Amino acid sequence: MQNSGNKKKRRYFILGSFNKVKLFIWLGILIIVFATTLGIFVYCAQSNNSIDQKGKNGIMKQQDFNNPIIEQRADPWIYKHTDAYYYFTASVPEYDRIELRRAATIQELGMAQEKIIWEKHDSGEMSVHIWAPEIHYIEGKWYIYFAAGGLGGDIWGIRPYVLECINENPMTGTWIERGIMQKSPEDKFSFTSFSLDATTFEHNGARYFVWAQKTREFNNPSNLYIAEMENPWTIKGEPVMIATPEYSWEKIGFYVNEGAAVIKRNNRIFISYSASATDSNYCMGLLTASDTADLLDPNSWSKSSEPVFKTNEENSQYGPGHNSFTVSKDGTEDILVYHARNYRDIVGDPLWDPNRHTRAQKLYWNSDGTPNFGIPVAD
């Protein structure tokens, strides 16, 4: 009887132990399943906040950068040079100087040390409204194109000017003034009135200059013009108007086409530009020409009937514009650089509200070869 009882106890002990093992195994499986499910959920949530989230219009958002890249820097220009550095310049809130930064990555520009390479004159020409500098590397030399006021003692006597640096490193090199942009004697129009936001690009062995200039027509529209260049500080021939404000979204506050930026892809030349007043109505349009067309023929250019980049309430991004284009570190992706505020309401003149911050995001391409700007991503 005693042996029989001991056998039963041992059997119950073994069965109990076996059941405990099974319980622990099932608990382990449940923990693994829970952890895996939680991990998938977190991953999906992060993805939805980065590259896979869809906006109301179905256009993909993405967050490859921690925006803003640089606070209180408007009209941003980023250029990736052959030395693998990114060079950055932009309008500062005081509109009184030109600064330059460089870094190994776009994100690191926000932490890079600024170098003041030029300051406004005390009076007269180039003494006020130092706007929208761009740095270019042309024929082995560095050039900065910018707008400045003070011509003829008028603070709104704004014209395009040029700086030159012949040294290899523009951060430590010497910059000299090339002065106001020059033109041929037969050109009686270029730079004779409010002119700004100049950029330049090369195509098929020719270099072109694109800028915005106001005319004295109804509502003093700011139009876009193009001319071929004789050298980095001189245009030649007669300028050609390739865009004027014609749609309602280009005429809010002011009649504006300005801030041109060029990108060449898919057998076409695209010129983005900004429109309307520099508040939440500021937005971007697009001009397109075939890369085999005569770029000095106005008929070669077509304009988007709707803005390609505009205020997005959902992401609290207002008045995105005055962009530039650059490329990713490995050169495989195009990057859109622009400024925007993160609030709508502005007290006083938007020109003096300092919070147009530099931002960046990936530029996508549609199946038809046209750029897909998407929507401005959230901070």
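None of the values given here were measured: they were computed from a predicted structure.

> What exactly am I supposed to notice about the overall build of the chain here?
Regarding its fold elements, the chain presents one helix and 20 strands. For the chain, the residues scored as buried account for 48% of the 379 residues in total. Counted over contacts in the chain with a minimum sequence separation of 6, partners at least 24 positions apart contribute 50%. For the chain, the exposed area adds up to about 18400 Å²; of that, 54% sits on carbon and sulfur atoms.

> I would appreciate a short explanation of the sheet that holds strand E8 (residues 175-180) in the present structure.
Hydrogen bonding along the main chain pairs the strands of a sheet, whether they run parallel or antiparallel. Reading across the sheet, the four strands line up as E5-E6-E7-E8 and stay open at both edges, with antiparallel pairing between neighbours. Both edges of this open sheet fall to strand E5 (128-138) and E8, since each of them pairs with a single strand only. Within this sheet the neighbouring strands show an average axis-to-axis angle of 25 degrees, counted without direction. Relative to strand E6 (residues 141-149), E5 is paired through seven bridges, and the arrangement is antiparallel. The partner of isoleucine 135 across the bridge, within E6, is isoleucine 144.

> Even after reading the chapter, I still don't get the packing of aromatic side chains, so can you show me in this structure?
Centre distance and the angle of the planes are the two values used to describe a pair of aromatic rings. One pass over the full model with this rule turns up 22 aromatic pairs. With centroids separated by 5.4 Å and ring planes inclined at 25 degrees, the aromatic side chains of phenylalanine 201 and tyrosine 208 adopt a geometry described as stacked. Comparing phenylalanine 201 with tyrosine 208 shows no difference in burial state: the two are buried. Both rings, one in phenylalanine 309 and one in tyrosine 338, keep their centres 4.9 Å apart while their planes meet at 80 degrees; by these two values the pair is edge-to-face. Residue phenylalanine 309 is located in the loop between strand E16 (302-303) and strand E17 (318-327), and its partner tyrosine 338 is located in strand E18 (residues 334-341); the two are separated by 29 residues in the primary sequence. Under the relative-accessibility criterion, phenylalanine 309 is labelled buried at 1%.

> Looking at this structure, how should I read unusual backbone geometry?
For residues besides glycine, phi is generally negative; the peptide bonds are generally trans as well. Put simply, asparagine 67 and proline 68 share a cis peptide bond, and its omega is 0 degrees. With respect to the secondary-structure elements, proline 68 resides in the loop between helix H1 (2-48) and strand E1 (74-80).

> Sorry if this is basic, but what is going on with the layout of surface pockets here?
In this approach, a probe sized like a water molecule rolls over the atoms, and the result shows the empty space that is left. Taken as a whole, the largest pocket holds about 630 Å³ of empty space. As for the largest pocket, its lining consists of 23 residues, of which Trp77, Tyr79, His136, Val262 and Phe325 are closest to the centre. If you list the elements that add at least two residues to the lining of the largest pocket, you get E1, E5, strand E9 (195-203), strand E13 (257-265) and E17. A per-element tally of the lining of the largest pocket places E13 first, with five residues. In the lining of the largest pocket, the residues fall into 12 nonpolar, five polar and six charged. The space that makes up the second largest pocket amounts to roughly 500 Å³. What lines the second largest pocket is a set of 23 residues, and nearest its centre among them are Trp131, Phe194, Glu258, Thr278 and Leu351. Those elements giving two or more residues to the lining of the second largest pocket turn out to be E5 and E9. Looking at the lining of the second largest pocket residue by residue, the class counts come to 12 nonpolar, five polar and six charged.

> Got a minute to help me understand the pairing of E6 in this structure?
In summary, the side chains of a regular strand alternate between the two faces of the sheet. Of all nine residues in E6, eight are buried; the element is thus mostly enclosed. Note: E6 against strand E7 (residues 159-165), seven bridges, orientation antiparallel. Each residue of the ladder has a partner; that of tyrosine 145, found in E7, is valine 162.

> Quick question: what am I supposed to make of empty space enclosed by the protein here?
Evaluation of the coordinates by the stated rule reveals one cavity of 30 Å³ or more. Computed from the structure, the largest cavity encloses a volume of approximately 40 Å³. Lining of the largest cavity is provided by Arg73, Phe88, Thr89, Ala90, Val92, Glu99, Arg101 and Glu114. Mapped onto the lining of the largest cavity, the elements with two or more residues apiece are strand E2 (86-91) and strand E3 (97-103). Top element by residues in the lining of the largest cavity is E2. It accounts for three residues. Residues of the lining of the largest cavity, tallied by class, amount to three nonpolar, one polar and four charged.

> Sorry if this is basic, but what is going on with the pattern of salt bridges here?
Two side chains bearing opposite charge may form a pair once their charged atoms approach each other closely. Counting across every chain of the model gives 16 salt bridges. Glutamate 246 is the partner of lysine 303 in a salt bridge, and the nearest nitrogen-oxygen pair spans 3.5 Å. Residue lysine 303 is located in strand E16, and its partner glutamate 246 is located in the loop between strand E12 (234-243) and E13; the two are separated by 57 residues in the primary sequence. The buried category is assigned to lysine 303, whose relative accessible area is 17%.

What counts, and where the lines are drawn
- Residues numbered from 1 in each chain as written.
- Predicted model: local features only at pLDDT ≥ 70, side-chain atom pairs only at ≥ 80, totals over all residues.
- Heavy atoms only, no water.
- Helix = DSSP H or I, 4+ residues; strand = E, 2+ residues; numbered from the N terminus.
- Buried < 20%, exposed > 50% of the residue type's maximum accessible area, 1.4 Å probe, protein only.
- Contact = heavy atoms within 4.5 Å.
- Areas by Shrake-Rupley, 256 points an atom, 1.4 Å probe, with all protein chains shown as cover.
- Pairing = 2+ DSSP bridges.
- Axes fitted to C-alpha atoms, helices over the stretch in contact; angles between N-to-C directions.
- Phe/Tyr/Trp six-rings, centres within 6.5 Å; stacked < 30°, edge-to-face > 60°.
- 1 Å grid on protein atoms, 1.4 Å probe; cavity = no way out; pocket = protein on both sides within 12 Å on 5 of 7 lines; lining within 4 Å.
- Points joined across faces, edges and corners; volume = space filled by probe spheres on them.
- Nonpolar A, V, L, I, M, F, W, Y, C, P; charged D, E, K, R; others polar.
- Salt bridge = Lys/Arg side-chain N within 4 Å of Asp/Glu carboxyl O.

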